[in-house]
Amino acid sequence: MNNMKYLIIYAHPDSEGHCSTILSEVKKRLDEKKDEYEVIDLYKIKYDPVLTEEELYGVKQRKLTNINKQMQEKISKAERIILIYPVWWNSMPAILKGFFDRVFTSGFAFRYKPVIPSMIRTKLLMRWAFVTKFDYGIPVPLLRGKEAIVFLTTGSPKIAFFINGNRFKKVIKRDTLGFFGIKTKIYHIDNCRALNKYQIAKIKKNVKRAIN
Ligand SMILES: Cc1cc2nc3c(=O)[nH]c(=O)nc-3n(C[C@H](O)[C@H](O)[C@H](O)COP(=O)(O)O)c2cc1C
């Protein structure tokens, strides 16, 4: 019987490192559980992360390319999203950042609700500098009910982040997925310098915990 629908987003150019081992383990576990999944390998499909001027939500006739429309459809259908990527410069690889910029658009992943209800939004009222200045709108998440599992790898050991802070976790959990209403659990694989038996054991343990 097929259970949960997973969408795996893989953002690493390498097919032999820690991230690829995580991907293989995740697929193995999902196969065992007979869960349905699809992998989007951003480097393999040569995903273009550069957002164009026509795609900006400030423009009148905003464009959404076919590929990004397809991505949105896949995200809509998925119950759980699994992200696998290395931490680069305390953040995510640019290809994944661009994926968020172009796919998780307003109207799809979030929207802004006006602070002033439309009933009292008269033309006269809108002329007031006070009203127009402060009616920014409240962000409303549109992807509530979905869950995400994020596997992150870092070259540094966890102790370094205990000292320097975990901005790379906040940016994905709170500022990005959290903004869309997606509940997220992060699994951080640290000390990723050489893929030895200890690192492989650590990956297996984390993937087992995450998927089960
Ligand atoms: C461009 C680049 C930037 C990196 N920035 C960081 C960083 O900010 N913090 C860190 O701990 N490791 C950093 N690293 C190391 C990677 O996180 C590490 O090599 C990777 O997580 C190992 O996983 P892999 O075997 O799948 O490549 C960086 C590596 C590269 C190539």
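What you see is a predicted model, and the numbers here were worked out from it, not measured in a lab. (Residues numbered from 1 in each chain as written. Predicted model: local features only at pLDDT ≥ 70, side-chain atom pairs only at ≥ 80, totals over all residues. Heavy atoms only, no water.)

## So, the site of the ligand
Part 1: Among the 15 residues in the neighbourhood of the ligand, the closest are listed as His12, Cys19, Val87, Asn90 and Thr153.
Part 2: Backbone polar atom of cysteine 19 to an oxygen atom of the ligand: 2.8 Å apart, as the coordinates give it.
Part 3: One of the backbone nitrogen or oxygen atoms of tryptophan 89 is found 2.8 Å away from a nitrogen atom of the ligand.
Part 4: Protein chains bury 71% of the 630 Å² of accessible surface belonging to the ligand in isolation.
Part 5: The residue inventory of the shell around the ligand, partitioned by class, reads seven nonpolar, eight polar and no charged. (Near = heavy atom within 4 Å. Polar contact = N/O pair within 3.5 Å; in protein donor to acceptor, adjacent residues only side chain to side chain. Areas by Shrake-Rupley, 256 points an atom, 1.4 Å probe, with all protein chains shown as cover. Nonpolar A, V, L, I, M, F, W, Y, C, P; charged D, E, K, R; others polar.)

## Describing the packing of aromatic side chains
Part 1: This model, assessed by the stated rule, comprises 13 aromatic pairs.
Part 2: Relative to phenylalanine 100, the ring of phenylalanine 99 lies with its centre 6.4 Å away and its plane at 75 degrees, an arrangement referred to as edge-to-face. Comparing phenylalanine 99 with phenylalanine 100 shows no difference in burial state: the two are buried.
Part 3: Both rings, one in phenylalanine 179 and one in phenylalanine 180, keep their centres 6.4 Å apart while their planes meet at 75 degrees; by these two values the pair is edge-to-face.
Part 4: Note on phenylalanine 180: relative accessible area 6%, which makes it buried.
Part 5: Within the aromatic cluster, the residues linked to one another by ring pairs are Tyr47, Phe99, Phe100, Phe104, Phe108, Phe110, Tyr112, Phe179 and Phe180. (Phe/Tyr/Trp six-rings, centres within 6.5 Å; stacked < 30°, edge-to-face > 60°. Buried < 20%, exposed > 50% of the residue type's maximum accessible area, 1.4 Å probe, protein only.)

## Notes on unusual backbone geometry
Part 1: You will see that lysine 34, though not glycine, has its phi angle at about 55 degrees, which is positive.
Part 2: By secondary structure assignment, the location of lysine 34 is in the loop between α1 (18-33) and β2 (36-41).
Part 3: Among the residues examined, lysine 34 registers a relative accessible area of 52% and is labelled exposed.
Part 4: Positive phi values are uncommon outside glycine, yet asparagine 191 reaches one of about 60 degrees.
Part 5: In this fold, asparagine 191 is placed in the loop between β7 (183-189) and α8 (197-211).
Part 6: Residue classification places asparagine 191 among the partly exposed residues on the basis of a relative accessible area of 33%. (Helix = DSSP H or I, 4+ residues; strand = E, 2+ residues; numbered from the N terminus.)

## A word on the environment of lysine 5
Part 1: Relative to the elements of secondary structure, lysine 5 occurs in strand β1 (residues 5-10).
Part 2: Separated by 75 residues in the primary sequence, lysine 5 and arginine 80 place their C-alpha atoms 6.4 Å from one another.
Part 3: The contact partners of lysine 5, leaving out residues within four places of it in the chain, are Glu36, Lys77, Ala78, Glu79 and Arg80. (Contact = heavy atoms within 4.5 Å.)

## Side note on the layout of surface pockets
Part 1: Taken as a whole, the largest pocket encloses approximately 340 Å³ of empty space.
Part 2: If you trace the largest pocket, you find 20 residues lining it, with Phe100, Asp101, Phe104, Phe110 and Phe180 closest to the centre.
Part 3: Within the residue set of the lining of the largest pocket, elements represented by two or more residues are α3 (94-103), β4 (110-113) and α7 (167-177).
Part 4: Looking at the lining of the largest pocket, its residues break down into eleven nonpolar, four polar and five charged.
Part 5: Along its surface, the second largest pocket is lined by 13 residues, and Tyr10, Ser15, Leu23, Asp41 and Lys44 are the ones closest to its centre. (1 Å grid on protein atoms, 1.4 Å probe; cavity = no way out; pocket = protein on both sides within 12 Å on 5 of 7 lines; lining within 4 Å. Points joined across faces, edges and corners; volume = space filled by probe spheres on them.)

## Some points on the sheet that holds β7
Part 1: On the basis of which strands lie adjacent, the open sheet formed by five strands has the order β2-β1-β3-β6-β7 and parallel pairing. Looking at which strands have only one partner, the edges of the open sheet turn out to be β2 and β7. Across the sheet, the axes of successive neighbouring strands diverge by a mean angle of 15 degrees, strand direction being ignored.
Part 2: Inspection of the sheet shows β1 paired to strand β3 (residues 80-86) by five bridges, in the parallel sense. Residue tyrosine 10 lies in a different strand from β3, and its bridge partner there is isoleucine 84.
Part 3: Contacting β3, β6 (147-153) and β7, α7 runs over the sheet at an angle of about 165 degrees to β7. (Pairing = 2+ DSSP bridges. Axes fitted to C-alpha atoms, helices over the stretch in contact; angles between N-to-C directions.)

## A few points about α1
Part 1: The end-to-end C-alpha separation of α1 is 23 Å, in line with the 22 Å expected for 16 residues at 1.5 Å each.
Part 2: Those residues of α1 that are buried lie in contact with β1, β2, β3, β6, β7 and α8. (Expected span 1.5 Å × (residues − 1).)

## Brief notes about a positive patch on the surface
Part 1: Where like charges cluster on the molecular surface, the positive patch consists of Lys158, Lys173, Lys185, Lys205 and Arg209.
Part 2: Tracing the backbone shows lysine 173 in helix α7.
Part 3: What makes lysine 173 partly exposed here is its relative accessible area of 41%. (Patch = residues over 30% accessible without salt bridge, like charges linked within 9 Å, V, L, I, M, F, W, Y side chains within 5 Å. Salt bridge = Lys/Arg side-chain N within 4 Å of Asp/Glu carboxyl O. Lys, Arg positive; Asp, Glu negative; His and termini not counted. Charge placed at Lys NZ, Arg CZ, Asp CG, Glu CD.)

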